Structures are given as structure tokens and as C-alpha cells.
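Results of the structural survey
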Amino acid sequence: NDLYWPQDAYSVGNPDLRPEYGFNYDIGLSINNKGFIFAANFFSNDVDDLILWQQDAELNNLWTPKNISKTSTKGLETSTSLTLWKVWNLNVEYTFMRALDVGPDVNRYGKLLTYKPQNKIDLSSTLKLFGVEWNLNYHLIDYRYTNAANTKYLPAISTFDTNIAYRFNAGKVGMTLVGEVNNLFNVPVMLTAGTAEAGRILKLTLGANF
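As a further point, take the environment of Thr-71. Tracing the sequence through the fold places Thr-71 in strand β5 (residues 70-84). Judged by its relative accessible area of 2%, Thr-71 falls in the buried class. Each C-alpha atom of the pair Thr-71 and Val-47 lies 5.3 Å from the other, and the pair is 24 residues apart in sequence. Those residues in contact with Thr-71 that sit more than four places away from it in its chain are Asn-45, Asp-46, Val-47, Leu-50, Leu-100, Val-102 and Leu-113.

Written out as C-alpha cells, the structure reads:
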């Protein structure tokens, strides 16, 4: 797709791309003690000729992949989980990441890569009682720059999701009924500049295990 995606109204491939070459490593620590779990992981990823899709003014703003010189990405992922009274679980996941252009172009050196948030948070609460499971989730994605010069950006996204599942048996068949609401408060979401995502989504599903 990067090389040969046929031109359409939004994008086109780039047959002149060079392959990426990189070196990455990570190191982590985890603790598990009586219902409390904590994990942390540091990661580093250095890449030459990173391939990234961007809008190109010379191609009428079509999205096309390009090699963007040398990049350096470093960050920390953490996860904390706590189970209370054997029925209630709380989980927090946080990621800090700095993805930088470190190539020879002085106008872009040290700038954040496009669409790479520095902070990301996911919170979840799960309650299981009498065959019913209720989940409430919170997601936060930090602002993301939309151009290499870091002068334009999309604002941070903050959304809630929730779902309720009920499991029961119909004879010898295991049944699961799930009601789900994504983007509970109908917050405007834009992951890519100029393209709005769906608002509130409601789902009702019934599953059977034979």
C-alpha cells in the first residue's frame, strides 16, 4: 500500500520510498501482590528513513507516504490494577512518549512527529456481581501536531465508554447479552485533520456459545 496504492480522491502511494532501518529496545518491571498489579516499561526506538503518511501540498493535499529522515522515539508505559472485594477491578494505564524528528533538516530537528501524542491515559472500572458485568472506561489522548513545523494541532480527546453484560444459560447454551455505549457524552472526535469520527454509538448484541 505504501508503494503502490492507486491514486484516489484522498491518497496515493509512493514507489520511490526507501525501506526503514531501526534499532529498538525496552526494559520493564512488574509487581503482583494480593490483587495489586503494577507494571512499567521504558522503550526506545531509533529509525532511519521512517515511513509516515502525510498530506502533500504539491499533490493537491493528497495523503502519501514519505521517508522523513531520522527519528527518535522514547517513552514510558505504566499499568496499575487493583481488585477490591473480589468483584471490583480498577485499572489505570498511562503512556508518555516523545517521538522526535532528529534528521539533518534544521527546520524540523527536535520537532514532534505528526499525529504522535505525548500523553495517553486509559482508566477502567469493572464490577462483576450476580452474573452481571458493568464496565466504565475513560480515554484521554493528548493534542497531536498535524504538520512537521509543529504550528498546527488537533486538540486533546477525552471520551467515556460504558457497557453492561449479562451471562445466563438457555438450556445447554451459554448466552451473553451486552448493551454498549461508545463516546457516552457525544464528544466531537477528530483523529485526522479534516475527518470527523462518529459520535455516540449504541450497540446491543446477543451471543450464544454451543
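Glancing now at the packing of aromatic side chains. Under the defined criterion, the tally for this structure stands at 10 aromatic pairs. Ring centres of Trp-63 and Tyr-115 lie 6.0 Å apart, and the angle between their planes is 45°; this geometry places the pair in the tilted category. Pair noted here: Trp-63 is in strand β4 (residues 62-67) and Tyr-115 is in the loop between β6 (88-101) and β7 (119-129), with a separation of 52 residues, a long-range link. On the numbers, 5.6 Å between centres and 90° between planes, the contact of Phe-160 with Phe-185 is edge-to-face. Of this pair, Phe-160 sits in strand β11 (residues 157-170) while Phe-185 sits in the loop between β12 (173-182) and β13 (201-209), placing them 25 residues apart in sequence. An aromatic cluster of at least three residues, connected via ring pairs, comprises Phe-23, Tyr-25 and Phe-42.

Looking now at the nonpolar core. Of all hydrophobic cores here, the largest spans six residues; its members are Val-47, Leu-50, Leu-52, Ile-68, Ala-99 and Leu-113. Contact partners of Ala-99, with chain neighbours within four places excluded, come to Ser-72, Thr-73, Lys-111, Leu-112, Leu-113 and Lys-116.

The rules behind each value
Residues numbered from 1 in each chain as written. Predicted model: local features only at pLDDT ≥ 70, side-chain atom pairs only at ≥ 80, totals over all residues. Heavy atoms only, no water. Helix = DSSP H or I, 4+ residues; strand = E, 2+ residues; numbered from the N terminus. Buried < 20%, exposed > 50% of the residue type's maximum accessible area, 1.4 Å probe, protein only. Contact = heavy atoms within 4.5 Å. Phe/Tyr/Trp six-rings, centres within 6.5 Å; stacked < 30°, edge-to-face > 60°. Core = buried A, V, L, I, M, F, W, Y, C linked by side-chain atoms within 4.5 Å.

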